[in-house]
Amino acid sequence: MARTVQIRTYTVRDGLLDEWVDRWQRLVVPLRRDLGFEIHGSWKDHARNQHVWVISYDGPGSFEEANAAYWASERRKTLGLDPGDYLVGEETREVEQTL
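Residues numbered from 1 in each chain as written. Predicted model: local features only at pLDDT ≥ 70, side-chain atom pairs only at ≥ 80, totals over all residues. Heavy atoms only, no water.

Trainee: Tell me about helix α2 (residues 63–72), residues and numbers included.
Mentor: Residues of α2 that are buried: F63, A66, N67 and Y70. One side of α2 carries all its buried residues, which in axial view fall inside an arc of 100 degrees. Turned more than 90 degrees from where α2 packs its buried face, E64 and E65 sit exposed. Tucked inside the fold, the buried residues of α2 contact β1 (4–12), α1 (17–34), β2 (37–45), β3 (50–57) and α3 (74–77). (Buried < 20%, exposed > 50% of the residue type's maximum accessible area, 1.4 Å probe, protein only. Helix = DSSP H or I, 4+ residues; strand = E, 2+ residues; numbered from the N terminus. Arc of directions from axis to C-beta. Contact = heavy atoms within 4.5 Å.)

This is the structure in C-alpha coordinates:
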(Lines give C-alpha, C1' and ligand atoms only; values in the text may rest on other atoms or scores of the structure.)
Protein backbone atom coordinates (compact mmCIF):
# COMPACT_ATOMS: atom_id res chain seq x y z
CA MET A 1 0.00 0.00 0.00
CA ALA A 2 1.36 3.45 -0.92
CA ARG A 3 2.12 6.12 1.65
CA THR A 4 -0.81 8.48 2.19
CA VAL A 5 0.15 12.12 2.76
CA GLN A 6 -2.21 14.85 3.92
CA ILE A 7 -1.79 18.60 4.27
CA ARG A 8 -4.08 19.81 7.04
CA THR A 9 -4.99 23.45 7.55
CA TYR A 10 -6.79 24.34 10.76
CA THR A 11 -8.31 27.77 11.32
CA VAL A 12 -8.05 28.54 15.02
CA ARG A 13 -10.20 30.82 17.18
CA ASP A 14 -8.80 34.33 17.61
CA GLY A 15 -6.12 34.52 20.28
CA LEU A 16 -5.70 30.76 20.67
CA LEU A 17 -3.24 29.87 17.88
CA ASP A 18 -0.13 29.68 20.06
CA GLU A 19 -1.92 27.74 22.80
CA TRP A 20 -3.42 25.32 20.27
CA VAL A 21 -0.07 24.62 18.59
CA ASP A 22 1.70 24.16 21.93
CA ARG A 23 -0.89 21.66 23.17
CA TRP A 24 -1.02 19.91 19.77
CA GLN A 25 2.78 19.48 19.81
CA ARG A 26 2.87 18.16 23.39
CA LEU A 27 -0.20 15.91 23.25
CA VAL A 28 -1.20 14.96 19.71
CA VAL A 29 2.17 14.60 17.96
CA PRO A 30 3.62 11.96 20.34
CA LEU A 31 0.45 9.88 20.14
CA ARG A 32 0.26 10.11 16.35
CA ARG A 33 3.90 8.99 16.11
CA ASP A 34 3.33 6.12 18.54
CA LEU A 35 0.49 4.93 16.29
CA GLY A 36 2.67 4.88 13.17
CA PHE A 37 2.03 8.30 11.67
CA GLU A 38 4.84 10.59 10.54
CA ILE A 39 4.57 14.35 11.07
CA HIS A 40 6.62 16.12 8.40
CA GLY A 41 6.28 19.66 9.67
CA SER A 42 4.01 22.24 11.23
CA TRP A 43 3.61 25.96 10.54
CA LYS A 44 1.71 28.84 12.13
CA ASP A 45 0.13 31.49 9.88
CA HIS A 46 -0.62 34.29 12.33
CA ALA A 47 -2.18 36.52 9.66
CA ARG A 48 -4.92 33.93 9.02
CA ASN A 49 -5.04 32.32 12.51
CA GLN A 50 -4.11 29.02 10.86
CA HIS A 51 -2.07 25.99 11.77
CA VAL A 52 -0.80 24.01 8.78
CA TRP A 53 0.77 20.59 9.16
CA VAL A 54 1.71 17.59 7.06
CA ILE A 55 1.02 14.03 8.17
CA SER A 56 1.56 10.68 6.48
CA TYR A 57 0.94 7.02 7.13
CA ASP A 58 2.61 4.02 5.54
CA GLY A 59 1.79 1.19 7.93
CA PRO A 60 -0.52 -1.79 7.98
CA GLY A 61 -4.00 -0.98 6.78
CA SER A 62 -5.16 2.27 5.29
CA PHE A 63 -4.72 5.84 6.50
CA GLU A 64 -8.44 5.90 7.27
CA GLU A 65 -8.17 2.78 9.43
CA ALA A 66 -5.15 4.14 11.29
CA ASN A 67 -6.88 7.49 11.78
CA ALA A 68 -9.98 5.78 13.16
CA ALA A 69 -7.76 3.81 15.56
CA TYR A 70 -6.17 7.10 16.69
CA TRP A 71 -9.56 8.65 17.51
CA ALA A 72 -10.79 5.46 19.20
CA SER A 73 -7.68 4.99 21.35
CA GLU A 74 -8.00 5.33 25.10
CA ARG A 75 -4.95 7.58 25.13
CA ARG A 76 -6.64 10.00 22.70
CA LYS A 77 -9.75 10.07 24.85
CA THR A 78 -7.73 11.07 27.91
CA LEU A 79 -5.64 13.84 26.29
CA GLY A 80 -7.99 16.54 27.52
CA LEU A 81 -7.76 18.31 24.16
CA ASP A 82 -11.02 18.90 22.31
CA PRO A 83 -10.36 20.35 18.85
CA GLY A 84 -13.81 21.98 18.99
CA ASP A 85 -12.55 24.26 21.76
CA TYR A 86 -9.93 25.70 19.40
CA LEU A 87 -10.79 25.10 15.75
CA VAL A 88 -13.35 26.97 13.67
CA GLY A 89 -12.39 25.43 10.34
CA GLU A 90 -10.45 22.55 8.86
CA GLU A 91 -9.25 21.70 5.36
CA THR A 92 -7.60 18.36 4.59
CA ARG A 93 -5.98 17.67 1.25
CA GLU A 94 -4.50 14.34 0.23
CA VAL A 95 -1.44 14.92 -1.92
CA GLU A 96 1.04 12.86 -3.91
CA GLN A 97 4.75 13.59 -3.56
CA THR A 98 6.53 14.49 -6.79
CA LEU A 99 10.02 15.41 -5.57
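Additional details are given in the paragraphs that follow.
Trainee: Describe α1, and please don't skip the residues or the numbers.
Mentor: Taking 1.5 Å of rise per residue, the 18 residues of α1 would be expected to cover 26 Å, and the 25 Å separating its terminal C-alpha atoms lies within 8% of that figure. Its axis deflected by about 40 degrees at W24, α1 carries its strongest bend there. Residues of α1 that are buried make contact with β1, β2, β3, α2, α3 and β4 (87–95). Phi for G36, located one or two positions after α1, is positive at around 95 degrees. (Expected span 1.5 Å × (residues − 1). Bend = angle between axes of the 7 residues up to and from the residue.)

Trainee: Could you give an account of the packing of α1 against α2, with specific residues and numbers?
Mentor: Orientation of α1 relative to α2, taken along the N-to-C sense of each, is 130 degrees, at an axis distance of 11 Å. One element, α1, and the other, α2, form an angle in the oblique class. In this structure, α1 meets α2 at a crossing whose hand is right-handed. The segment α1 lies against α2, with V28, L31 and R32 engaging N67, Y70 and W71. Of the residues in the contact of α1 with α2, the class split is 4 nonpolar, 1 polar and 1 charged. (Axes fitted to C-alpha atoms, helices over the stretch in contact; angles between N-to-C directions. Parallel < 35°, antiparallel > 145°, perpendicular 65-115°, else oblique. Left-handed = near helix turned anticlockwise from the far one by under 90°. Nonpolar A, V, L, I, M, F, W, Y, C, P; charged D, E, K, R; others polar.)

Trainee: Break down the sheet that holds β1 for me, citing the residues and quoting the values.
Mentor: Here 4 strands make up an open sheet; going across it, the order is β2-β3-β1-β4 and the pairing antiparallel. The open sheet has two free edges, formed respectively by β2 and β4, since each of these has just one partner strand. Taken over all neighbouring pairs, the strand axes of this sheet differ in orientation by 15 degrees on average, direction set aside. Two strands pair when backbone bridges link them, and β1 and β4 are joined in this way by 8 bridges, in the antiparallel orientation. Looking at the pairing, Y10 lines up with E90 of β4. Contacting β1, β2, β3 and β4, α1 runs over the sheet at an angle of about 175 degrees to β2. (Pairing = 2+ DSSP bridges.)

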